[in-house]
Amino acid sequence: MTANRLKKGPGTTRARIVEAATKLFFSRGYNDVRIAEIAAAAHSNIASINYHFGSKESLFADIFTAECEKVATARSDRLEALLRANTAPMLEDVVRAWLDPVFENHAITENRIIFTHLMGLVLWSDVNDKIRETMSKSLAVVDQRYIEVLAQIRPDLSRDVIAWRMFGALGAYSLTLGHPELIDQLFAGATSSKHATDRLSDHLLAFITGGLAAAAPPSD
């Protein structure tokens, strides 16, 4: 099932189920949400959910796949636009093309981004392994393209080193956007979860760019 399956009018039963399930998964996690609760919140019934999606697991997979595909498509489009330009792309431009689509995805509440919060549920909860594979199917091909471009910008770094630093970048924005309450803990409330997303983007951009600009690690 792909994002195309979710592209229905806002008044359809399918769309109401998707909207209700997204909010429930977002607020309470995957395991704590019962399919009956989704049906009630969508003003529908369990039979409708089973008809359109087959199961709670398949419904979650559809939602997560759709969010991944939005980000992957935007990342691909922006990178190709950079490569079509007359000048060679700068490191910061490539990182921004990779990072910005995450911030532009729809936020529900408390500055949390649907994509990163759902990714957090996939990475750190007991969802089915098949759902985890969605990330590799939807995002890995695009991320490999980014690694190729970054390797051209930083020929002194091996692809493995660049891949590790991109993995760290994934962890940085997933944790920051998926769990803004940790920012409160670190700064003792000086920076709150209501901190503007453009400032978070600036900090993450600087952090990730700095990591990719760092010298190669010493060889063994």
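*Asks:* Is there a simple way to think about the overall build of the protein in this case?
*Replies:* Within the protein, the secondary structure is distributed over 10 helices and 0 strands. Moving toward the C terminus, one meets the helices and strands of the protein in the order α-α-α-α-α-α-α-α-α-α. When the accessible surface of the protein is summed, it comes to about 11500 Å², and 55% of that surface belongs to carbon and sulfur atoms.

*Asks:* Can you help me understand the packing of aromatic side chains in this one?
*Replies:* A ring pair, where both rings are aromatic, is described by two values, the distance of the centres and the angle of the planes. This model, assessed by the stated rule, comprises 6 aromatic pairs. Within the aromatic cluster, the residues linked to one another by ring pairs are Phe25, Tyr30, Phe60 and Phe64.

*Asks:* For this particular structure, what's the right way to read the confidence of the model for the protein?
*Replies:* Parts of the model with low pLDDT should not have their predicted coordinates read in detail. In this model, the protein carries a mean pLDDT of 81, and residues with pLDDT of at least 70 account for 75%. In the model of the protein, helix 6 (residues 114–124) stands out as the element of lowest mean pLDDT, 66, in contrast to helix 2 (residues 35–41), which has the highest, 95. The model gives residues 107–111 a pLDDT under 50, and that stretch makes 15 contacts with residues more than four places away or in other chains.

*Asks:* Is there a simple way to think about the nonpolar core in this case?
*Replies:* Among soluble globular proteins, nonpolar side chains are generally buried collectively. Membership of the largest hydrophobic core comes to 53 residues, with the highest contact counts inside it found for Phe25, Ile38 and Leu59. Elements with a contribution of two residues or more to this core: helix 1 (13–28), helix 2, helix 4 (56–84), helix 5 (91–104), helix 6, helix 7 (129–153), helix 8 (159–178) and helix 10 (197–213).

*Asks:* Looking at this structure, how should I read the packing of helix 4 against helix 5?
*Replies:* The angle between the axes and the distance between the axes are what describe a pair of packed helices. Two elements in contact, helix 4 and helix 5, have axes separated by 9 Å at closest approach and are oriented at 150°. Classed by the angle they form, the pair helix 4 and helix 5 counts as roughly antiparallel. Read as a crossing pair, helix 4 and helix 5 show a hand that is right-handed. Within the contact between the two elements, helix 4 uses Val71, Ala74, Arg75, Arg78, Leu79 and Leu82 and helix 5 uses Asp93, Val94, Ala97, Trp98, Asp100, Pro101, Val102 and Glu104. The residue makeup of the contact of helix 4 with helix 5, split by class, is 9 nonpolar, no polar and 5 charged.

*Asks:* How do you make sense of the environment of Leu59 when you look at a structure like this?
*Replies:* Secondary-structure assignment places Leu59 in helix 4. Counting along the chain gives 41 residues from Leu59 to Val18, while the straight-line C-alpha distance between them is 7.6 Å. Leu59 has contacts with Ile17, Val18, Ala21, Ile38, Ile49 and Phe53, leaving out every residue within four places of it along the chain.

Criteria and cut-off values
- Residues numbered from 1 in each chain as written.
- Predicted model: local features only at pLDDT ≥ 70, side-chain atom pairs only at ≥ 80, totals over all residues.
- Heavy atoms only, no water.
- Helix = DSSP H or I, 4+ residues; strand = E, 2+ residues; numbered from the N terminus.
- Areas by Shrake-Rupley, 256 points an atom, 1.4 Å probe, with all protein chains shown as cover.
- Phe/Tyr/Trp six-rings, centres within 6.5 Å; stacked < 30°, edge-to-face > 60°.
- pLDDT = per-residue confidence, 0-100.
- Contact = heavy atoms within 4.5 Å.
- Core = buried A, V, L, I, M, F, W, Y, C linked by side-chain atoms within 4.5 Å.
- Buried < 20%, exposed > 50% of the residue type's maximum accessible area, 1.4 Å probe, protein only.
- Axes fitted to C-alpha atoms, helices over the stretch in contact; angles between N-to-C directions.
- Parallel < 35°, antiparallel > 145°, perpendicular 65-115°, else oblique.
- Left-handed = near helix turned anticlockwise from the far one by under 90°.
- Nonpolar A, V, L, I, M, F, W, Y, C, P; charged D, E, K, R; others polar.

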